[in-house]
Amino acid sequence: MALNLKTFKTRALTALLFVAVMLTGLLWNLWSFLILFTIIHFGCWYEFVKLMKKMYRERYVQYCLFGLIYITLPIVLMFFLHQKTIVVFSNVESNAAYFPAEYSESFRFTILIFTIAVIWINDTMAYLVGSFIGKTPLTKISPKKTWEGTLGGAILAIGVGIIFAKVIHLQVFHVSLITAAIAIFGTLGDLLESKLKRMADVKDSGSFMPGHGGFLDRFDSLLVAVPAVWVYLYFFI
């Protein structure tokens, strides 16, 4: 898969605007977070219903119930993750030296932000690695994905996670495992949405982001990775 510079430029510029909007919603206050993910929730549902209509015609309503698990449940879990700070992975008895009270009030690096960051790193690195050295197709569901790109993206994401853990004194073991889980389940989320699009015979779920498609195209990885992160936190932390 050769690197298309024009496509990459369009995707990069759109992504920068997207990142600015996401960070504003995530970091400004609770209301901005609620508004942001309410919009994402209904945007994903709108596109999901359109896909179900194309796939199942008049029987689409019953299949839309899957959206409660695929879309609504992960969004609900995101509210939980947004309240969990990254210090749950702390490697020290007291976090005061690294996360003073005023820091926590002004900017909390939450598990959700960490999850989103890992997905972005994994997706970007997988695209770049696959563009330069990708030769082995990963699956027929998404012909442009390669094993080299997928593994390269995951390895680089885990590497960044380990560096991040060491810099701010977090447990490398937990951070490595949860980063790997995000990369794996994020990729599965991408493939699941690609399968739905193939079944509906559409290229993109929507068109609100040039070069990135619709809401589901942009948040497919997050919708599947978030439940995996929640399960890890609930059972292993």
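Just above sits the structure.
Residues numbered from 1 in each chain as written. Predicted model: local features only at pLDDT ≥ 70, side-chain atom pairs only at ≥ 80, totals over all residues. Heavy atoms only, no water.

1. Regarding the side chain of serine 142
Alright, step 1. If you trace the backbone, serine 142 turns up in the loop between helix H6 (111-133) and helix H7 (147-167).
Alright, step 2. Note on serine 142: relative accessible area 12%, which makes it buried.
Alright, step 3. In contact with serine 142, other than residues within four places in its own chain, are Leu191 and Ser194. (Helix = DSSP H or I, 4+ residues; strand = E, 2+ residues; numbered from the N terminus. Buried < 20%, exposed > 50% of the residue type's maximum accessible area, 1.4 Å probe, protein only. Contact = heavy atoms within 4.5 Å.)

2. Looking at a nonpolar patch on the surface
Alright, step 1. On the surface, a cluster of nonpolar side chains totalling about 490 Å² of accessible area is made up of Leu65, Phe66, Leu68, Ile69 and Leu73.
Alright, step 2. By secondary structure assignment, the location of isoleucine 69 is in helix H4 (residues 66-82). (Patch = residues over 30% accessible without salt bridge, like charges linked within 9 Å, V, L, I, M, F, W, Y side chains within 5 Å. Areas by Shrake-Rupley, 256 points an atom, 1.4 Å probe, with all protein chains shown as cover. Salt bridge = Lys/Arg side-chain N within 4 Å of Asp/Glu carboxyl O.)

3. Here's the deal with the packing of aromatic side chains
Alright, step 1. Summed over the entire model, instances satisfying the criterion amount to 14 aromatic pairs.
Alright, step 2. Note on phenylalanine 18 and tryptophan 120: the rings are 5.9 Å apart at their centroids and 65° apart in plane angle, and the pair reads as edge-to-face. Of this pair, phenylalanine 18 sits in helix H1 (residues 5-27) while tryptophan 120 sits in helix H6; the two residues are 102 residues apart in sequence, bridging distant segments of the chain.
Alright, step 3. Aromatic ring contacts, followed pair by pair, group Trp45, Phe48, Phe66 and Tyr70 into a single cluster. (Phe/Tyr/Trp six-rings, centres within 6.5 Å; stacked < 30°, edge-to-face > 60°.)

4. Notes on the nonpolar core
Here is a general trend for soluble globular proteins: nonpolar side chains tend to be buried in one another's company.
Alright, step 1. Core analysis: the biggest nonpolar cluster contains 49 residues, and Met22, Leu26, Phe37, Ile71, Leu112 and Leu222 have the highest contact counts within it.
Alright, step 2. For this core, the secondary-structure elements that each account for two or more residues are H1, helix H2 (30-56), H4, H6, H7, helix H8 (172-200) and helix H9 (215-236).
Alright, step 3. With near-sequence residues (within four places) excluded, phenylalanine 37 lies in contact with Met22, Leu26, Ile75, Met78, Leu112, Ile116 and Leu222. (Core = buried A, V, L, I, M, F, W, Y, C linked by side-chain atoms within 4.5 Å.)

5. What about the environment of alanine 165?
Alright, step 1. Structurally, alanine 165 can be placed in helix H7.
Alright, step 2. The exposure class of alanine 165 is buried, given its relative accessible area of 0%.
Alright, step 3. Leave out the neighbours within four places in its chain, and alanine 165 touches Leu170, Val172 and Val175.

6. Here we look at the packing of H7 against H8
Alright, step 1. Across the interface, H7 lies against H8 with an axial gap of 9 Å and an inter-helix angle of 150°. Relative to H8, the element H7 lies roughly antiparallel. Every pair of crossing elements has a handedness; the one defined by H7 and H8 is right-handed. Contacts between H7 and H8 involve Thr150, Ala154, Ala157, Ile158, Gly161, Ile162, Ala165 and Lys166 from the former and Val172, Val175, Ser176, Thr179, Ala180, Ala183 and Thr187 from the latter. (Axes fitted to C-alpha atoms, helices over the stretch in contact; angles between N-to-C directions. Parallel < 35°, antiparallel > 145°, perpendicular 65-115°, else oblique. Left-handed = near helix turned anticlockwise from the far one by under 90°.)

7. Points about the packing of H6 against H9
Alright, step 1. Put simply, H6 and H9 touch, their axes get as near as 10 Å, and they point 130° apart. The angle between H6 and H9 falls in the class oblique. The interaxial crossing formed by H6 with H9 has right-handed handedness. Side by side, H6 and H9 meet where Ile111, Leu112, Thr115, Ile116, Ile119, Trp120 and Asp123 of the first sit next to Arg218, Ser221, Leu222, Ala225, Val226, Val229 and Leu233 of the second.
Alright, step 2. Classifying every residue of the contact of H6 with H9 by side-chain character gives ten nonpolar, two polar and two charged. (Nonpolar A, V, L, I, M, F, W, Y, C, P; charged D, E, K, R; others polar.)

Worth remembering: the numbers are spatial, not functional.
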